[in-house]
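# Survey of secondary and tertiary structure
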Amino acid sequence: MPDKINLTLRHKALFNPSAKEPCIVDVPEFRFLCLDGCGNPATDPIYADILSALYSVAYALKFAVKKQLGINYAVMPLEGLWWMADGSIVSDENKDHWSWTMMIQQPEWVTSDLLDLVLPDVRKKKYLTHLDEVRLEPFHEGLSVQLLHPGPYIAEHENIMRMHEYAYQQGYVLRGKHHEVYLNDPRLTAPERLKTILRQPIALPAA
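As a starting point, this report considers the structure included with it. The structure displayed is predicted, hence computed values, not measured ones. (Residues numbered from 1 in each chain as written. Predicted model: local features only at pLDDT ≥ 70, side-chain atom pairs only at ≥ 80, totals over all residues. Heavy atoms only, no water.)

## Quick notes on unusual backbone geometry
Even without glycine at this site, His130 takes up a positive phi of about 75 degrees. Mapped onto the fold, His130 is located in the loop between helix H3 (112-125) and strand E4 (135-150). On the accessibility criterion, His130 (21% relative accessible area) is partly exposed. (Helix = DSSP H or I, 4+ residues; strand = E, 2+ residues; numbered from the N terminus. Buried < 20%, exposed > 50% of the residue type's maximum accessible area, 1.4 Å probe, protein only.)

## Quick word on empty space enclosed by the protein
Applying the stated criterion to the full structure yields 1 cavity of 30 Å³ or more. The space that makes up the largest cavity amounts to roughly 50 Å³. Contributing to the lining of the largest cavity are Leu14, Phe15, Val27, Pro28, Phe30, Phe32, Glu79, Gln105, Phe139, Glu141, His179 and Arg199. For the lining of the largest cavity, the secondary structure elements donating two or more residues are helix H1 (12-15), strand E1 (23-38) and E4. Counting residues per element, the lining of the largest cavity draws most heavily on E1, which supplies 4 residues. Grouping the constituent residues of the lining of the largest cavity by class yields 7 nonpolar, 2 polar and 3 charged. (1 Å grid on protein atoms, 1.4 Å probe; cavity = no way out; pocket = protein on both sides within 12 Å on 5 of 7 lines; lining within 4 Å. Points joined across faces, edges and corners; volume = space filled by probe spheres on them. Nonpolar A, V, L, I, M, F, W, Y, C, P; charged D, E, K, R; others polar.)

## Observations concerning the pairing of E4
Summarising the sheet, E1 and E4 pair through 11 bridges and their orientation is antiparallel. Looking at the pairing, Cys23 lines up with Gln146 of E4. Here E4 pairs with strand E7 (residues 195-203) via 7 bridges, running antiparallel. Bridge pairing links Pro150 to Lys195 in E7. (Pairing = 2+ DSSP bridges.)

## Considerations on the packing of aromatic side chains
Centre distance and the angle of the planes are the two values used to describe a pair of aromatic rings. Taken as a whole and assessed by the stated rule, the structure comprises 8 aromatic pairs. The interplanar angle of 75 degrees and the centroid separation of 5.4 Å between the aromatic rings of Trp82 and Trp98 together place this pair among those described as edge-to-face. On the criterion of sequence distance, the pair formed by Trp82 in strand E2 (residues 78-83) and Trp98 in the loop between E2 and strand E3 (99-106) is long-range, its members being 16 residues apart. The exposure class assigned to Trp82 is buried, which follows from its relative accessible area of 5%. Relative to Tyr182, the ring of Tyr153 lies with its centre 5.5 Å away and its plane at 75 degrees, an arrangement referred to as edge-to-face. Highlighted residues: Tyr153 in the loop between E4 and helix H4 (157-169) and Tyr182 in strand E6 (residues 178-182), separated in sequence by 29 residues. Owing to a relative accessible area of 30%, Tyr153 belongs among the partly exposed residues under this scheme. The buried category is assigned to Tyr182, whose relative accessible area is 4%. (Phe/Tyr/Trp six-rings, centres within 6.5 Å; stacked < 30°, edge-to-face > 60°.)

Okay, here's the thing in structure tokens:
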């Protein structure tokens, strides 16, 4: 067994897309730590609080798995689902009205019982708003189109439109929520060095 298990290597196609051309992938069901919010993440302090709660719980679970099972794994990247209540496309023009769910994928060794076990310890170590709202739940995205976006979040829109157009050209329609996977820690990385997987669930049109 390696010193530290990199869980992204189990599904390389999902975590290593091209920045040149969109591609279609079939995303299986995974389980995530999740927290919900709304509004502009760049200006709302609640967003930073939610990230702190998610990361704190994710690392507490990692250390608990290592202590109990002897399994050492790398914490997975932060992910986010983004949508508009009226169904319109998420863009910088309407970010004050965004709804979102921030998520960190969890391996099979993490259970609801383990989450219940670590939460009191996390609570003792630091005061974290929204800690009691952290949940562990499955998410099955299924057929999706994705593309790697290098650079700042504010420049994503063109690549999102490229991804959508590719899906239409392949005969699909869009469904579900816009999904982003942050391959860098957004709290520690300069905007020009960011790498973000853009993902959009798709489906064949109804007959």
